[in-house]
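The residues making up each chain are set out below.
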Amino acid sequence: MQFKLALAFFALIAALLILLNSYPITASRDIVFSEKQSSMLEQAGVISASLAGLDSLSGDGAAQVVELLGLTDFERVMVTDAAGRVLYDTAEPGAEGKLALFGEVIRALSSERVFWSEFAGGAFVSRAAMPITRGGAVLGAVYLCERDTEQADIILSFRDRLVTVSVVAFAMACLMTVFFTRTFTARITRLSEAVRTVREGDYAYRIEPEGDDELTELSRDFNSMTETLQKTEEQRRRFVSDASHELKTPLAAIRLLADSITETENIDGATVREFVQDISSEAERLQRTTEKLLDLSRRDDGVRGGLSRVDVGETARSTLKLLEPLAAKTEVTLRLDAAEGCFIDAPADDVYQIIFNLAENAVKYNVAGGEASVSVRRGPGRVLLTVEDTGIGIPESDLPNIFSRFYRVDKARSRERGGSGLGLSIVHDAVQALGGTVSVAPREGGGTRFTVGFPAATEGGEGRA
Ligand SMILES: Nc1ncnc2c1ncn2[C@@H]1O[C@H](COP(=O)(O)OP(=O)(O)OP(=O)(O)O)[C@@H](O)[C@H]1O
Ligand SMILES: [Mg+2]
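With that settled, the discussion passes to the overall build of the chain. A tally of helices and strands in the chain yields 10 helices and 12 strands. In terms of overall dimensions, the chain is more spread out than a globule: its C-alpha atoms have a radius of gyration of 53 Å, far above the 23 Å expected for 465 residues. Relative to its 465 residues, the chain shows a buried fraction of 38%. A separation of at least 24 residues holds for 66% of the contacts in the chain among residues at least 6 apart in sequence. Summed over all atoms, the accessible surface of the chain reaches about 26,300 Å², with 56% contributed by carbon and sulfur. Between the mean site of the 51 positive side-chain charges and the mean site of the 68 negative ones, the chain shows a separation of 5 Å.

This is the structure we're talking about:
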């Protein structure tokens, strides 16, 4: 990657430098050409007009005009007659009478204004030719040739300076490119090493984000992703260890009871019955726990019952009937205040589980003579279920964890009441799957209040699955 990046940069810089070295030179050369063209044609015009004004065209006349005009800058000034014979030539003094067979002269004799220029050999060489006319008749031609090294020198030294600057700029750009691509690829390499480290299971690994660009952003995203992974992994470990522990306790009790029966000699029938009853209740607890675990694991997998239109008030009424025997045993009064027509679209069993777990807790963690009340109301776009009790309450410090799996405020007390610490997790997951909210708060005057908000059923369509 570093190589490819560097190559792309080099190509770009080289292209830029070539452009920088060629364009200004061509442009200034063209400017000189056009300047030469206008000045030389103008001077040829002046000579031609002066010669046309003489009585007759002759070598002497031409020499006088040239001297008068002070045309010393030119390498060559030549004047010919209409036939192209040389009348005057500064380059070849003895050439008078010879034919000047230059292309420029021939074209000038046919009434053309001619200009030609080139930049070569460290000089601008320019030639101009013009007819000498009087009254429409061509009397002869003027031919000028100039060799300008001054302007050429300026352009050449400009070019040399450009080359020097380019070489320095190229070297600096190369250094910077190498430095930049190095740091860039080093950061990418660190990121991919981090990905490998985390993939190998080190979820505590974090990248030190450097700078403030897209790569920094990527590093931060990577860190937060790893943090989530770490949390999930910790949760999974804790869940597995809690679950094994939870299953181990009743199994150990069952073994102990069974061993007592087999190992006690002359055990009487009543004791055996008592032990077997204990075994049965431990087995029942095991069964309840495993059923709840299965329920939670199905929810984790996203398995859901089909939706149907459920009347929350009606479900609360039938659920509380099931809890009546427990309430009577613990001397807790159950109350229900349900408004009519509180419909939601949900799996019917989930609504039952939510109400049952909350109401069961309200009865279980209560005191003799206490109350457990359930109310169902309609709010704007919501159905509100409130379950409150006058029971033992939940300490403020335990409230944030109360929906975690296997979390119990008082382990001994909960277990003694047959609890596994999974009821509220099921409530939480079921409510969330329905797009609702659940919250818990201490009740004024003692006890606890759980509030669940369900999205109300939309008018019309029933039970979208
Ligand atoms: N209404 C309540 N009043 C006081 N404490 C409560 C109440 N509801 C729940 N708790 C506390 O929260 C803990 C977790 O409740 P959760 O319903 O999840 O488990 P559980 O009742 O112990 O067992 P499970 O419901 O699985 O049979 C309980 O052990 C209890 O300590
Ligand atoms: Mg419970």
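Attention shifts here to unusual backbone geometry. One non-glycine residue with positive phi stands out, namely S111, at about 70 degrees. Examined against the element boundaries, S111 turns out to sit in the loop between α3 (103–109) and β3 (114–120). Despite not being glycine, E331 shows a phi value in the positive range, around 55 degrees. Relative to the assigned elements, E331 resides in the loop between α7 (312–329) and β7 (333–338).

Before going further, it helps to spend a moment on the pattern of salt bridges. Per the counting criterion, the structure on display carries 27 salt bridges. For D213, the salt bridge goes to R187, with nearest N and O atoms at 2.9 Å. Of this pair, D213 sits in the loop between α4 (150–199) and α5 (214–263) while R187 sits in helix α4, and the two are 26 residues apart along the sequence. With relative accessibility at 18%, the residue R187 sits in the buried group. Linking E444 and R449 is a salt bridge whose minimum nitrogen-to-oxygen distance equals 3.4 Å. When salt bridges with common partners are traced through the structure, they connect R76, D89, E92 and K98 into a single cluster.

Further remarks concern the side chain of T448. Tracing the sequence through the fold places T448 in strand β12 (residues 448–455). Given the relative accessible area of 5%, T448 is considered buried. Apart from the residues within four sequence positions on either side, T448 is in contact with V387, E388, D389, G393, I394, V440, A441 and R443.

As a further point, take the side chain of D350. With respect to the secondary-structure elements, D350 resides in helix α8 (residues 348–364). By relative accessible area, which is 8% here, D350 ends up buried. At a separation of 3.1 Å, a polar atom in the side chain of D350 contacts the side chain of R299. Contacts of D350, omitting those with residues within four sequence positions, involve R299 and A430.

Overall, mixed pairing links the five strands, which are arranged β7-β9-β10-β12-β11 in an open sheet. The strands lining the two open edges of the sheet, one partner per strand, are β7 and β11 (437–442). Strand-to-strand twist across the sheet, computed as the mean angle between neighbouring axes with direction ignored, equals 15 degrees. Inspection of the sheet shows strand β10 (residues 382–389) paired to β12 by seven bridges, in the antiparallel sense. In the sheet register, R382 faces β12, and the bridge partner there is P455. Strand contacts of α7: β7, β9 (371–379), β10 and β12, with the helix running at about 175 degrees to β7, the strand carrying the most contacts. With respect to the sheet, α8 is in contact with β7, β9, β10 and β12, its orientation differing from that of β10 by roughly 20 degrees.

Of all the six residues making up strand β1 (residues 76–81), six are buried; the element is thus mostly covered by neighbouring parts of the structure. Burial along β1 is two-sided: R76, M78 and T80 facing one way and V77, V79 and D81 facing the other are all buried. For β1 and strand β2 (residues 86–89), the ladder comprises three bridges, and the chain directions are antiparallel. Paired with V79 across the bridge in β2 is Y88. Between β1 and the antiparallel strand that follows it, β2, lie four residues; G84 among them carries a positive phi value of about 95 degrees.

About the cut-offs
- Along every chain, residues carry numbers that run from 1 in the direction the sequence is written.
- Ligands are numbered from 1 and chains lettered from A, in the order in which they are written.
- Reporting of local features is limited, given that this is a predicted model, to residues whose pLDDT is at least 70; pairs of side-chain atoms are given and counted only at 80 or more, and all residues count toward the totals for whole chains, interfaces and linings.
- Values reported for side chains reflect all heavy atoms of the structure, with hydrogen atoms and water molecules removed beforehand.
- A run of DSSP states H or I qualifies as a helix once it reaches four residues; a run of E qualifies as a strand once it reaches two. Both are numbered from the N-terminal end.
- Restricting the calculation to C-alpha atoms gives the radius of gyration, and the globule rule supplies 2.2 Å times the number of residues raised to the power 0.38.
- Per-residue accessibility, obtained with a 1.4 Å probe over protein chains only, is compared with the maximum for each type, and a residue is labelled buried under 20%, exposed over 50%, and partly exposed between these values.
- Contacts between residues were defined by any pair of non-hydrogen atoms, one from each residue, lying within 4.5 Å.
- The Shrake-Rupley method, run with a 1.4 Å probe sphere, supplies the accessible areas, and residue values consider only the shown protein chains as cover.
- A residue counts as positive if it is Lys or Arg and as negative if it is Asp or Glu; His and the chain ends are not included.
- Just so you know, the charge point we use is NZ for Lys, CZ for Arg, CG for Asp and CD for Glu.
- What counts as a salt bridge is simple: a side-chain nitrogen of Lys or Arg found within 4 Å of a carboxyl oxygen of Asp or Glu.
- Whenever a nitrogen or oxygen atom comes within 3.5 Å of another N or O atom, the pair is scored as a polar contact, on the condition that within protein one atom can donate a hydrogen and the other can accept it, and that pairs from neighbouring residues in sequence are kept only if both atoms are in side chains.
- When DSSP finds two or more bridges between two strands, those strands count as paired.
- Think of each axis as a best-fit line through the C-alpha atoms, taken over the contacting stretch in the case of a helix, with angles from 0 to 180 degrees between the N-to-C directions.

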